[in-house]
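# Chain and residue survey
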Amino acid sequence: MSTLEQDKLLLEGIAAEDRNSIELLYKQHYNMVQSMVVANAGSKDDAADLFQETVIILYEKVKAGDFELTCLLKTFIYSIANRLWLKKLQKQQRFTTQTDYLEDIVPVEDEIEQHVKLNHDFEIMETAMAKVGEPCKSLLQAYYLQKKHMTTIAEEFGYTNADNAKTQKYKCLVRLKKLFFAQYKNTN
Amino acid sequence: MEDTLLMDAAERFIRGEMSAEEKIYFDDLRKNNQELDQTVVEQIFFLNQLNTYSTSKNFKTILCEVESKLIAEKVISKTIATPNGKIITLWKKYKNDIAVAASIAGIVSLFITTIISSVNKTQNNLEPLVKKLNAQADKTRKIETKLNQLQAGTSISLKQPLDARFRATGFMIDATNNYVATNAHVVKEASNHLIVENTKGEQFVATPVYINVAQDLAIIKIVDTAFKKLPLMPYTIRKTVADLGESIFMMGYPKQEIVYGEGYVSAKNGYQMDTLFYQINTTANEGNSGSPILTKNGDLIGIITSKEIDANGVVFAIKSANIYSAIEEIKKDEKIKIQSSPALKGLDRVTQIKKLQQYVFMIKGN
């Protein structure tokens, strides 16, 4: 199998949230990103954060379904990580002279822009979730994140039946929606 | 139609769970009622956002778990090299998210970030700045060499004052082995150097040995050979929870000199009922992160971490019992022991402060 075919398989695994694929991604590309960060005024912890963010961008791309890998995955990952890291350094107002790249680079501006937007929305939802209060937060998380069935949720939360739990869930959802839009409309 | 009912309808609509008949009815309703249609559009948008959020959140969780597993298996390494070669980091999550979420959620950490090597507006200043940074890089190298020498048993200390990028507070918890407690978010700021500064303005090199992000607790060790050991600590660190209404005082560095403050324990739980923290009614400012909170008898009960943005006098502090669990963790690899005497008991406040202040340090770094 060619590297490109292997990369495509790996991406399918990432899209399916398969742990082994994520592990493989770490094993194949983590050290490269770490070297780049450490060589450019970063710590190993920075590298870990940066790699996570890079994988998330990759995940967002493959999830969106329009991702056609046109270069090696390695090159793509390096380009994303590199761009993100430079942006971080600029934010910290530090000067670095990155004279030569350790690896090939492809343009990834659009990917990063898209990620910033998604991340922004994610944070607003995260904040709304934090503000919605209990038992709403746990109830919504049980249903939307853990994908639990309404009857299970009713049992766990002590509602007499699934319908009551469902009514409660919708009340919570309306509250969450208000909190979400209060922030969303302010910042968009 | 009630909002909740409409939400139910919107959700079933997205998921394609509506019967053909119901769908026709729903479509009709939307066509004939613009306002309702607007609400439905909003709800569909919101539900899609929630689904994206859920998928993303789940993926991030998996990602963190995989990372932890690989770190445990030593496939990837994450910790910074220290003289002793090890930092205990108990908890790692998608850090940026948390920091941002926490700040939007209405609490703010209390440390000062003063970027000394900042970009100036005029072009002229650019060049010396770069030089400065190069000088900094040199210093880093020197210190690294020093750290290596330390392992070989030679001396380690700063030759010149540090160009600090942030300032916060910390205090001694083991005067025999020179361990200082502060906040995890403070230590995380230090990507190159970490120092403690006493009330005399003397700076000493320190290194992190324990970072617990969930508790926002960090323990650092003063490794500087120029540091002179302090006598036995005059305060005790309390293992039990403080009482509601107990009056407290604290010392910290919201400015370049030590500042005294007073208050009381206003709630036994922190932000959003977090049981690891107290809520304290007092005034705290940037730089107070890591400040010790003591009772009138010199019993240390907590460490200042953050305050609520839009409320006055609502400050959060880590409960002191967490220090003990941290020490248990560190003990596995290092010598550490809390030895103290209740020497502050019964003294007037001015004398207490005089005795206490040499154990409270400014934490700086870059």
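Worth saying up front: this structure is predicted, and the values here are computed from it rather than measured. (Residues numbered from 1 in each chain as written. Chains lettered and ligands numbered in written order. Predicted model: local features only at pLDDT ≥ 70, side-chain atom pairs only at ≥ 80, totals over all residues. Heavy atoms only, no water.)

### Describing the overall build of chain B
- Looking only at helices and strands, one finds eight helices and 16 strands in chain B.
- Here chain B, with 366 residues, has 49% of them falling under the buried criterion.
- A total accessible area of about 17200 Å² is found for chain B, and carbon and sulfur atoms account for 52% of it. (Helix = DSSP H or I, 4+ residues; strand = E, 2+ residues; numbered from the N terminus. Buried < 20%, exposed > 50% of the residue type's maximum accessible area, 1.4 Å probe, protein only. Areas by Shrake-Rupley, 256 points an atom, 1.4 Å probe, with all protein chains shown as cover.)

### Some details on the nonpolar core
- In this structure, Phe171(B), Met172(B), Ile173(B), Ile219(B), Tyr235(B) and Ile323(B) are the most contacted members of the largest nonpolar core, which totals 53 residues.
- With sequence-adjacent residues up to four places away left out, Ile173(B) is seen in contact with Tyr179(B), Val180(B), Ala181(B), Ile219(B), Met233(B), Ile237(B), Ile323(B), Ile327(B), Ile336(B), Lys337(B) and Ile338(B).
- Listed in part, the 41 residues of the second largest apolar core include Ile56(A), Ile77(A), Trp85(A) and Ile76(B). (Core = buried A, V, L, I, M, F, W, Y, C linked by side-chain atoms within 4.5 Å. Contact = heavy atoms within 4.5 Å.)

### Section: the interface of chain B and chain A
- With 57 residues of chain B at the contact, the number on the chain A side is 51 residues.
- Roughly 5500 Å² is buried in total at the junction of chain B and chain A, and carbon and sulfur atoms are behind 62% of that figure.
- Of all residues in chain B, Phe46(B), Tyr53(B) and Phe59(B) give up the largest surface area on contact with chain A, accounting jointly for 12% of the area buried on that side.
- Run the count over chain B and chain A and you get six salt bridges.
- Glu126(A) serves as the salt-bridge partner of Lys57(B), at 3.0 Å between the closest nitrogen and oxygen.
- Summed over the shared surface of chain B and chain A, the number is eleven residue pairs in polar contact (both at pLDDT 80 or more).
- When residues of the side of chain B that touches chain A are traced back to their parent elements, those giving at least two are α1 (3-14), α3 (34-72), α4 (95-104) and α5 (126-151) of chain B.
- Per-element accounting of the side of chain B that touches chain A gives the leading share, 25 residues, to α3(B).
- Among the residues making up the side of chain B that touches chain A, the classes are represented as 24 nonpolar, 17 polar and 16 charged. (Buried area = accessible area lost by both parts, 1.4 Å probe. Salt bridge = Lys/Arg side-chain N within 4 Å of Asp/Glu carboxyl O. Polar contact = N/O pair within 3.5 Å; in protein donor to acceptor, adjacent residues only side chain to side chain. Nonpolar A, V, L, I, M, F, W, Y, C, P; charged D, E, K, R; others polar.)

### A word on the packing of helix α3 (residues 44-64) of chain A against helix α4 (residues 73-91) of chain A
Residues and elements named next belong to chain A.
- In the contact formed by α3 and α4, the axes pass within 9 Å of each other and the chain directions differ by 125°. Accordingly, the angle class assigned to the pair α3 and α4 is oblique. Where α3 crosses over α4, the handedness of that crossing is right-handed. Where α3 abuts α4, its residues Asp 46, Leu 50, Phe 51, Glu 53, Thr 54, Ile 57 and Leu 58 lie against Leu 73, Phe 76, Ile 77, Ile 80, Ala 81, Leu 84, Trp 85 and Lys 88.
- Of the residues belonging to the contact of α3 with α4, the class tally is eleven nonpolar, one polar and three charged. (Axes fitted to C-alpha atoms, helices over the stretch in contact; angles between N-to-C directions. Parallel < 35°, antiparallel > 145°, perpendicular 65-115°, else oblique. Left-handed = near helix turned anticlockwise from the far one by under 90°.)

### What about the packing of aromatic side chains?
- Evaluation of the coordinates by the stated rule reveals 18 aromatic pairs over all chains.
- For the pair Tyr59(A) and Phe59(B), a centre-to-centre distance of 3.7 Å together with 5° between the ring planes defines the contact as stacked. Highlighted residues: Tyr59(A) in helix α3 and Phe59(B) in helix α3, drawn from two different chains.
- Judged by its relative accessible area of 4%, Tyr59(A) falls in the buried class.
- On the basis of an interplanar angle of 75° and a centroid distance of 5.3 Å, the ring pair of Phe180(A) and Phe181(A) is categorised as edge-to-face.
- Taken together, the aromatic side chains of Phe180(A), Phe181(A), Tyr184(A), Phe45(B) and Phe46(B) make up a single cluster linked through ring pairs. (Phe/Tyr/Trp six-rings, centres within 6.5 Å; stacked < 30°, edge-to-face > 60°.)

### A word on the state of the cysteines
All names here are of chain A.
- Considering all chains together, one arrives at one disulfide over all chains under this definition.
- A sulfur-sulfur separation of 2.2 Å characterises the disulfide bridge that pairs Cys 136 with Cys 172. Its S-S torsion of about -80° marks the bond between Cys 136 and Cys 172 as left-handed, since a negative value means left-handed. Here Cys 136 is found in helix α6 (residues 136-145), whereas its partner Cys 172 is found in helix α8 (residues 162-187), with 36 residues between them in sequence. Note on accessibility: Cys 136 and Cys 172 belong to one class, buried. (Disulfide = S-S within 2.5 Å.)

### Quick notes on the environment of Gly263(B)
- Mapping Gly263(B) onto the fold places it in strand β11 (residues 259-267).
- Sequence separation of Gly263(B) and Gly313(B) is 50 residues, and the distance between their C-alpha atoms is 9.0 Å.

### Section: α1(B)
Residues and elements named next belong to chain B.
- Helix length check: α1 (twelve residues) gives 16 Å between terminal C-alpha atoms against 16 Å at 1.5 Å per residue, within 8%.
- Residues of α1 that are buried include every one of Thr 4, Leu 6, Met 7, Asp 8, Ala 9, Ala 10, Glu 11 and Arg 12, and no others.
- With its phi angle positive at about 70°, Gly 16 sits one or two positions after the end of α1. (Expected span 1.5 Å × (residues − 1).)

### A look at the packing of helix α5 (residues 109-131) of chain A against α3(B)
- Two elements in contact, α5(A) and α3(B), have axes separated by 10 Å at closest approach and are oriented at 95°. The angle between α5(A) and α3(B) falls in the class roughly perpendicular. Contacts from Asn119(A), Asp121(A), Phe122(A), Met125(A), Glu126(A) and Met129(A) in α5(A) reach Phe46(B), Gln49(B), Leu50(B), Tyr53(B), Ser56(B), Lys57(B) and Lys60(B) in α3(B).

### Describing the confidence of the model for chain B
All names here are of chain B.
- Residues at a pLDDT of 70 or more form 78% of chain B, whose mean pLDDT is 78.
- Note on residues 80-105: pLDDT under 50 across the span, and 67 contacts to partners over four residues away in sequence or across chains.
- The model gives residues 114-142 a pLDDT under 50, and that stretch makes 30 contacts with residues more than four places away or in other chains.
- Interface confidence for the predicted complex, expressed as ipTM, amounts to 0.87; the pTM equals 0.48. (pLDDT = per-residue confidence, 0-100.)

### Focus: the side chain of Asn177(B)
Residues and elements named next belong to chain B.
- Within the secondary structure, Asn 177 sits in the loop between β4 (166-174) and β5 (179-182).
- Among the polar contacts listed, one links the side chain of Asn 177 to the side chain of Asp 174, at a separation of 2.8 Å.
- A polar atom in the side chain of Asn 177 sits 3.4 Å from the backbone oxygen of Lys 335.
- With sequence-adjacent residues up to four places away left out, Asn 177 is seen in contact with Lys 221, Lys 335, Ile 336 and Lys 337.

### Section: unusual backbone geometry
- Geometrically, the link from Glu134(A) to Pro135(A) is a cis peptide bond, its omega value of 0° lying close to zero.
- Tracing the chain through its elements places Pro135(A) in the loop between α5 and α6.
- One non-glycine residue, Lys74(B), lies in the positive phi region at around 60°.
- You can see Lys74(B) is positioned in the loop between α3 and β1 (88-89).

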